[in-house]
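Each chain, written out:
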Amino acid sequence: MKPSPHPSSGPERPAPGLPALPGRRGFLGGLLATAALAAAGPALATPAHAAARPAPAPAPRATRPLLLGTYTSEAEGGTGIGTAAYDTATGAITPGPVITGVDNPSYLALHPSGSTVYAVAEQEAGAVTAVGIAPDGTYEVLGSRATGGSGTTHLSVHPSGRWLLSANYGSGSVAVHPIAEDGSLGERTDLVTHSSPPPGPGQGGPHAHQIVTAPDGGHVLAVDLGTDTVYTYALDESAGTLTEVSRAALAPGSGPRHLAFHPGGRFAYLACELDNTLVVCAYDPATGALTPGPGQSTGTGSGTSYPSQPVVTGDGAYVYLANRGPNSLTRYALEDDGAAVRLLDTVPVGGDWPRQLALSPDSTLLFAANQRSSTVTVFRVGPDGSLTAVGDPFPAPVAVCVLPLP
């Protein structure tokens, strides 16, 4: 494989114009579905003269499960979907067993019911896999379905819980699969290839990098790095088909990668990995139209920062951006109900090549999956949005995705 000019999906990518290849190798190991719940420390001994009033036992600290994505095809990669647990007070991560029988699960998404997790299979013959998770933490691989494209790199579940949406980076297409009552997947109901506009500067074709449903639930947005375009679709929830209703053009050669919505649903923040910017986009729920504003600085100085992913706090006060080039996190304050961002600062991520970020459900912890250092780093989110590193980096082979569960 020739080295790619774009590090979007990992250290290696097929060069533009070459046949689509599974261009984002990387994986990890470790979720705790059943193991490694953190226990409280032993109670202090009570002095003899105070024996009548024994000290109360400390309350056990809460732990929550964490799922980890990687590439199973890497020499130093993982062997499946990793499981772990994180301490909600300290952020400390404890490893658990690995869910095997899942190929190249480089991105993960949870069903709204919490009983099924879905993984991409990022490889030449792209696929998506469903894994059922029982209340006791045991799991069952429910099967895989072909996406009809190559290099499947992102997926999300429609809020109805009835449809799985996936993006194929290598072939520049997006797919839809029905979700059965038990969480398993049916045969693909639609596949749309981004055939226009023409690829941006230096791109050999379209490269669909993300597909998400807008907060209003009425529209599906697909971000394409190759065509510098965000496509808006209407999803027919009976047939599982996509109809394009709008498209937003980004600056030529900007390389839009991932976006995150403000909880108010009227604005989104788009990471453009090739021109080192974060773009604030207005969103119209009535039409699905996305209107990009000017690119905002990542605060990383000269050189290519390769921003990978933005995440927004649950209260809509801050947005964080991972920068792979300088291995940093940028913090912005959100103002005017999300219409504007104000650059605050950057902090070291504590790892190499932060591929993906995730906030804990209560937005008190931020997790960064660092692909090249094979680690997950954890930060405490302060009331002012400040980020403070906690604990040591958690070792995870080719860490490319981290998914804290509710």
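Note: the structure precedes this text.
With that settled, the discussion passes to the nonpolar core. Counting 23 residues, the largest nonpolar core has Ile81, Leu108, Tyr118, Leu155 and Leu164 as its most contacted members. Going through the elements one at a time, strand 4 (108–110), strand 5 (116–121), strand 6 (127–133), strand 8 (152–157) and strand 28 (401–404) are the ones with two or more residues in this core. Look past the residues within four positions of tyrosine 118 in its chain and what remains in contact with it is Tyr107, Leu108, Ala109, His111, Thr129, Ala130, Leu155, Val157, Leu164, Ile179, Gly183 and Leu185.

So, on to the sheet that holds strand 2 (residues 81–87). Ordered in space as 3-2-1-28, the four strands form an open sheet in which the pairing is antiparallel. Whereas interior strands pair on both sides, the edge strands pair on one side only; in this sheet they are strand 3 (93–99) and strand 28. Neighbouring strand axes in the sheet, compared pairwise and without regard to direction, differ in orientation by 25° on average. The pairing of strand 2 with strand 3 spans five bridges and is antiparallel. Its bridge partner lying in strand 3, tyrosine 86 is registered against isoleucine 93.

All right, on to the pairing of strand 13 (residues 220–224) then. Strand 13 sits mainly inside the fold: five of its five residues count as buried. With burial as the criterion, each face of strand 13 is covered, one bearing Val220, Ala222 and Asp224 and the other bearing Leu221 and Val223. Examined bridge by bridge, strand 12 (residues 208–213) and strand 13 share five bridges and lie antiparallel to one another. Note that in strand 13 the partner of valine 212 across the bridge is leucine 221. Hairpin connection, strand 12 to strand 13: the antiparallel pair is bridged by six residues, and glycine 217 has positive phi, about 80°. Pairing of strand 13 with strand 14 (residues 229–236) involves five bridges; the strand directions are antiparallel. Residue pairing in the sheet places aspartate 224 in a bridge with threonine 229 of strand 14. Connecting the antiparallel pair strand 13 and strand 14 is a turn made up of four residues, with aspartate 228 showing a positive phi of about 55°.

Let us now look at the packing of aromatic side chains. All told, the structure shown has four aromatic pairs when counted by the stated rule. Their ring planes at 20° and their centres at 6.5 Å tell us that tyrosine 231 and tyrosine 233 sit as a pair that is stacked. Considering the side-chain rings of phenylalanine 261 and tyrosine 283, the 5.3 Å spacing of their centres and the 80° angle between planes classify their relative orientation as edge-to-face. Here phenylalanine 261, found in strand 16 (residues 256–261), pairs with tyrosine 283, found in strand 18 (residues 277–283); they are 22 residues apart in sequence, far enough to count as distant.

This brings us to unusual backbone geometry. Look at the link from serine 196 to proline 197: it is a cis peptide, with omega at 0°. Along the polypeptide, proline 197 turns up in the loop between strand 11 (190–193) and strand 12. For asparagine 104, which is not glycine, the phi torsion reads 45° and is therefore positive. The topology assignment puts asparagine 104 in the loop between strand 3 and strand 4. Phi at serine 374 takes a positive value of approximately 55°, unusual for a residue other than glycine. The topology assignment puts serine 374 in the loop between strand 25 (365–370) and strand 26 (375–381). A relative accessible area of 21% places serine 374 in the partly exposed class.

Close approach of charged atoms allows side chains with opposite charge to pair. With the rule as written, the count across this model stands at seven salt bridges. Between glutamate 122 and arginine 355 there is a salt bridge, with the nearest N and O atoms lying 3.9 Å from each other. In this pair, glutamate 122 sits in the loop between strand 5 and strand 6 while arginine 355 sits in strand 24 (residues 354–359), placing the two residues 233 residues apart along the sequence. Its relative accessible area of 4% is what places arginine 355 among the buried residues. Across the pair arginine 342 and glutamate 335 runs a salt bridge whose closest N-O atoms are separated by 2.5 Å. Given the relative accessible area of 42%, arginine 342 is considered partly exposed.

Our next topic: the layout of surface pockets. Its boundaries defined by the atoms lining it, the largest pocket holds a volume of some 1200 Å³. Tyr107, Val212, Gln309, Val311 and Leu403 are, among the 40 residues lining the largest pocket, the residues nearest its centre. Elements represented by at least two residues in the lining of the largest pocket include exactly strand 4, strand 8, strand 12, strand 16, strand 20 (307–312), strand 24 and strand 28. Tallied by class, the residues present in the lining of the largest pocket amount to 27 nonpolar, 13 polar and no charged.

Quick look at the sheet that holds strand 15 (residues 241–249) now. The sheet built from four strands is open, its strands ordered 12-13-14-15 with antiparallel pairing. Among the strands making up the open sheet, the edge pair consists of strand 12 and strand 15. Each adjacent strand pair in this sheet contributes to an overall mean axis angle of 25°, direction not counted.

We now examine the state of the cysteines. Scanning all chains against the criterion turns up zero disulfides. Of all cysteine sulfurs in the structure, the one in cysteine 272 sits closest to cysteine 281, which takes part in no disulfide; the separation is 7.6 Å.

Procedures and definitions
Residues numbered from 1 in each chain as written. Predicted model: local features only at pLDDT ≥ 70, side-chain atom pairs only at ≥ 80, totals over all residues. Heavy atoms only, no water. Core = buried A, V, L, I, M, F, W, Y, C linked by side-chain atoms within 4.5 Å. Buried < 20%, exposed > 50% of the residue type's maximum accessible area, 1.4 Å probe, protein only. Helix = DSSP H or I, 4+ residues; strand = E, 2+ residues; numbered from the N terminus. Contact = heavy atoms within 4.5 Å. Pairing = 2+ DSSP bridges. Axes fitted to C-alpha atoms, helices over the stretch in contact; angles between N-to-C directions. Phe/Tyr/Trp six-rings, centres within 6.5 Å; stacked < 30°, edge-to-face > 60°. Salt bridge = Lys/Arg side-chain N within 4 Å of Asp/Glu carboxyl O. 1 Å grid on protein atoms, 1.4 Å probe; cavity = no way out; pocket = protein on both sides within 12 Å on 5 of 7 lines; lining within 4 Å. Points joined across faces, edges and corners; volume = space filled by probe spheres on them. Nonpolar A, V, L, I, M, F, W, Y, C, P; charged D, E, K, R; others polar. Disulfide = S-S within 2.5 Å.

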